[in-house]
Amino acid sequence: MQKKLTTAQWPSRVEGPLAILAKMPVKLLVATLAMALVGGMATAAPAGISGEEAFAFEEQGGQTVEAFRGKLMVPENRQNPDSRMIPVTYVRFPATGEHAGPPIIYLAGGPGGSGVRTAKYRRFDMFMALRAYGDVIALDQRGTGASDILPECTSSQAVPPTGPLSDAGYIALHRAAFEECLAFWKAEGVDVAGYNTVENARDIDALRQHLGAKQVVLWGTSYGSHLAFAALKIMGDHIDRVILSSAEGLDQTVKLPARTDSYLDRLQAAVDSQPAAKAAYGDIKAMMARVHAKLEAAPVLLHARMKDGSVKDYLFHKRDMQLLASYFVSDPWSQQRLLSLYLAMDHGVIAPFETLLGEWFVPGESISMNAMSTLMDVASGMSERRRSLVQQQAKDSLLGDWLNFSYHYDGIAPELDLGDGFRSGPDSDVPVLLFSGTLDGRTYLEGQAEASAGLANLTHVTVVNAGHNLYMSSPEVQQAINAFMEGIPQPRMTIINTLMDLAPKQQ
């Protein structure tokens, strides 16, 4: 079962207003910056950025700020001299600080996330706050958001909704669907070899040149950190500094199953710290194992309620529960929901699943794929050593090898693989600030330490009780970023967030 998504961080060169900003509440800080924007808009925009147009950018709450939208054309595949040109679009929020530094480019996660959409929704406040240090660029990477000219592929393959199907059969259907989609995209004129993280990183350098900047600051999360690591290798001295969270190394697209189990131990400690949660769930690994065993022995027939009001039957297997867990494991809010679902299934309560399934996918629907997100993961691939570790660890891990579905496309298109040279490093002395959440269920503490091992100028801040999406989890994260941008000592290397209530909610 797959969710149908828009698919499956030396001395500073900038002296800033940290002493004032760090003491402000986040809302006041943002309001201050917004007022600075209104007062300085007439002179904030640098001249000569080709093709930009001014417009009023509106965030989800209705607040508007003046911004510029722009586009540059880049080769779809720089290795092909006859490559077609494709658009890379962005929104630029002009700097408000008196001594603004290099442009700050936001690199969304996924792969497949839209930087512009991120600015519109959950990280708007951070986009505004960072304008104190330079123009802030919300980038829609190639194949995402307004840069997406790629057709979605709907294959002829479909998972039988109510018939028995082995894991091997399920994987075979998706492999066949991927082969169909490769052929479809090629027939539609897509150069599939152009959708990889190296080309994505070269787009960043092209954007730097388009902006007329000698250097840029990169700000990213999750896959955005994966992209930033590649850019550190490709762009070198053209990167001033880097801000990252939830780091995914260049050989970490496919996560190690044993690391998932170690993360579950940290989640258990969090559960045990709350009496109501501990009483409800007990040993969470044991609860998960019981549910998996029950579903393996007898998959459960669900009568799923679709968004249109119809009801569709679906035979819910152990792998469906593991895939569900792989999606909900990222953050404390989703982990609470996941544990509640396991608790329900452990007690034979299936109503929550019948509601959830309608949000998740449509039983019997053909397998569809998003080109950018699928091809980027396949191209990043995995080393032979990592492949062997995943195979070994998946046999005993609670979530098996379902955490990253691209693992199951291994070997289909070896010509797309970027190779082990891509997956090494980076080794760099560029200043990098990295935030890691102790309850991140997607990019794990151990893996993030390995991913950043070659960074000689690293500042690593641990955010206790934060998950994968941690940037907006505490005002102290913004304060740490301010200190990093201003080149002054970090106020603290550990940020402690209040742990949310993990106990099951009353229905």
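As shown above, the structure is provided for reference.
The rules behind the values
- Each residue is numbered by its place in its chain's sequence as written, counting from 1.
- For this predicted model, a pLDDT threshold of at least 70 governs which residues receive local features, and a threshold of 80 or more governs which side-chain atom pairs are given and counted, while totals over whole chains, interfaces and linings are taken from all residues.
- Note: side-chain values were computed over all heavy atoms of the structure, leaving out hydrogens and water.
- Any two strands between which DSSP finds at least two bridges are classified as paired.
- Segments assigned H or I by DSSP are reported as helices when at least four residues long, segments assigned E as strands when at least two residues long, and all are numbered from the N terminus.
- To obtain each axis, a line is fitted to C-alpha atoms, and for helices this fit is confined to the stretch in contact; angles are then taken between N-to-C directions over 0 to 180 degrees.
- It only takes one pair of heavy atoms within 4.5 Å for two residues to be counted as in contact.
- Working rule for angles: under 35 degrees goes down as roughly parallel, over 145 as roughly antiparallel, 65 to 115 as roughly perpendicular, anything else as oblique.
- By convention, the crossing between two helices is left-handed when the near helix turns anticlockwise from the far helix through less than a right angle, and right-handed when the turn is clockwise.
- Charged residues are taken to be Asp, Glu, Lys and Arg, nonpolar residues to be Ala, Val, Leu, Ile, Met, Phe, Trp, Tyr, Cys and Pro, and polar residues to be all remaining types, Gly included.
- Using a 1.4 Å probe on the protein chains alone, a residue whose accessible area is under 20% of its type maximum counts as buried, one over 50% counts as exposed, and one in between counts as partly exposed.
- Orienting the strands away from the viewer, one traces the path from the first strand over the helix to the second; a clockwise path indicates a right-handed crossover.
- Here a pair means two rings of Phe, Tyr or Trp (six-membered ring of Trp) with centres within 6.5 Å. Their orientation is stacked below 30 degrees between planes, edge-to-face above 60, and tilted elsewhere.
- Cysteine sulfurs are considered disulfide-paired once they come within 2.5 Å of each other.
- Under the rule applied, a polar contact is a pair of N or O atoms within 3.5 Å (in protein, one hydrogen donor and one hydrogen acceptor; residues adjacent in sequence only if both atoms are side-chain atoms).
- Only buried residues count toward a nonpolar core. Its members are Ala, Val, Leu, Ile, Met, Phe, Trp, Tyr and Cys residues joined through side-chain atoms within 4.5 Å.
- Any carboxyl oxygen of Asp or Glu that lies within 4 Å of a side-chain nitrogen of Lys or Arg is treated as forming a salt bridge with it.

Moving on, we come to the sheet that holds strand β8 (residues 239–245). Here we have 10 strands laid out as an open sheet, ordered β1-β2-β3-β5-β4-β7-β8-β12-β13-β14, and mixed in their pairing. Whereas interior strands pair on both sides, the edge strands pair on one side only; in this sheet they are β1 (53–58) and β14 (494–496). The sheet shows a mean angle of 25 degrees between the axes of neighbouring strands, taken without regard to direction. Packed on one face of the sheet, helix α6 (residues 197–210) meets β2 (64–75), β3 (85–93), β4 (104–107), β5 (136–140) and β7 (216–221) and runs near 120 degrees to β2. Across the sheet, helix α18 (residues 475–486) touches β4, β7, β8, β12 (432–437) and β14, and the angle it forms with β12 is around 165 degrees.

Right, let's get into the packing of helix α10 (residues 284–297) against helix α12 (residues 332–346). A pair of packed helices is characterised by two quantities: the angle between their axes and the separation of those axes. Two elements in contact, α10 and α12, have axes separated by 9 Å at closest approach and are oriented at 50 degrees. Between α10 and α12, the angle falls in the class oblique. Note on packing geometry: the crossing formed by α10 with α12 is left-handed. Of the residues in α12, those in contact with Ile284, Met287, Met288, Arg290, Val291, His292, Lys294 and Leu295 of α10 are Leu339, Tyr342, Leu343, Met345 and Asp346. Here the residues of the contact of α10 with α12 sort into 9 nonpolar, 1 polar and 3 charged.

On to the environment of Ala183, then. Tracing the chain through its elements places Ala183 in helix α5 (residues 167–187). Using a relative accessible area of 48% as the deciding quantity, one classes Ala183 as partly exposed.

Moving on to the pairing of β12. Burial analysis of β12 places 6 of its 6 residues in the buried class, which makes it a mostly covered element. Here β12 shows two buried faces, one formed by Val432, Leu434 and Ser436 and the other by Leu433, Phe435 and Gly437. Pairing between β8 and β12: 4 bridges, direction parallel. The residue bridging Ile243 from the neighbouring strand is Leu433, located in β12. For β12 and strand β13 (residues 458–464), the ladder comprises 6 bridges, and the chain directions are parallel. Paired with Val432 across the strands is Leu458, a residue of β13. Taking the sense of rotation as the criterion, the β-α-β connection linking β12, helix α17 (residues 445–451) and β13 turns out right-handed.

All told, the structure shown has 19 aromatic pairs when counted by the stated rule. Taken together, a centroid distance of 5.4 Å and an interplanar angle of 75 degrees make the contact between Tyr327 and Phe328 edge-to-face. On the accessibility criterion, Phe328 (3% relative accessible area) is buried. Centre to centre, the rings of Phe435 and Tyr471 are 6.2 Å apart; their planes meet at 75 degrees, and the pair counts as edge-to-face. In this pair, Phe435 sits in strand β12 while Tyr471 sits in the loop between β13 and α18, placing the two residues 36 residues apart along the sequence.

Glancing now at unusual backbone geometry. Excluding glycine, residues mostly have negative phi values, and the peptide bonds linking residues are mostly trans. Following Gly110, the chain continues to Pro111 via a peptide bond in cis, the omega torsion being 0 degrees. Structurally, Pro111 is set in the loop between β4 and α3 (115–120). Put simply, Gly425 and Pro426 share a cis peptide bond, and its omega is 5 degrees. Mapping Pro426 onto the fold places it in the loop between α16 (420–423) and β12. Positioned with a positive phi, Ser222 is a non-glycine residue whose angle comes to about 55 degrees. As for its placement among the helices and strands, Ser222 is situated in the loop between β7 and α7 (223–235). Backbone geometry at Asn465 places phi at a positive 75 degrees, although glycine is not the residue there. Assignment of secondary structure puts Asn465 in the loop between β13 and α18.

Moving on, we come to the state of the cysteines. Under the counting rule described, the total for this entry stands at 1 disulfide. Paired by a disulfide, Cys153 and Cys181 hold their sulfur atoms 2.1 Å apart. Between Cys153 and Cys181, the disulfide has an S-S torsion of -85 degrees and is therefore left-handed. In this pair, Cys153 is assigned in strand β6 (residues 153–158) and Cys181 in helix α5, connecting sequence segments 28 residues apart. Like Cys153, the residue Cys181 is buried in the burial classification.

Before going further, it helps to spend a moment on the environment of Val432. Inspection of the secondary structure puts Val432 in strand β12. Counting along the chain gives 13 residues from Val432 to Leu445, while the straight-line C-alpha distance between them is 17 Å.

Turning our eyes to something else, we now look at helix α14 (residues 371–380). A large share of α14 lies buried, amounting to 9 of its 10 residues. For α14, the full list of buried residues reads Ala371, Met372, Ser373, Thr374, Leu375, Met376, Val378, Ala379 and Ser380. Buried positions along α14 lie against α5, α6, α7, β11 (366–369) and α16. For α14, the N-terminal capping position is held by Asn370, with its side-chain oxygen 3.1 Å away from the main-chain nitrogen of Met372.

Looking now at the nonpolar core. Grouped together as the largest cluster of nonpolar side chains are 67 residues, with contacts concentrated most on Trp185 and Leu218. In terms of nonpolar packing, the next biggest core, distinct from the first, is built from 43 residues, Leu295, Phe328, Leu357 and Tyr444 among them.

A separate point is the pattern of salt bridges. All told, the structure shown has 24 salt bridges when counted by the stated rule. Across the salt bridge formed by Arg319 and Asp167, the nearest N and O atoms sit 2.9 Å from each other. On the criterion of sequence distance, the pair formed by Arg319 in helix α11 (residues 318–328) and Asp167 in helix α5 is long-range, its members being 152 residues apart. Assessed through its relative accessible area of 2%, Arg319 is described here as buried. A relative accessible area of 35% means that Asp167 is categorised as partly exposed. Between Arg423 and Asp420 there is a salt bridge, with the nearest N and O atoms lying 2.9 Å from each other. Here Arg423 pairs with Asp420, and both are found in helix α16, just 3 residues apart, close to one helical turn. Of the residues examined, Asp420 reaches a relative accessible area of 46% and is grouped as partly exposed. A cluster of three or more residues bridged by salt bridges with shared partners is formed by Arg78, Arg142, Glu199, Arg202 and Asp203.

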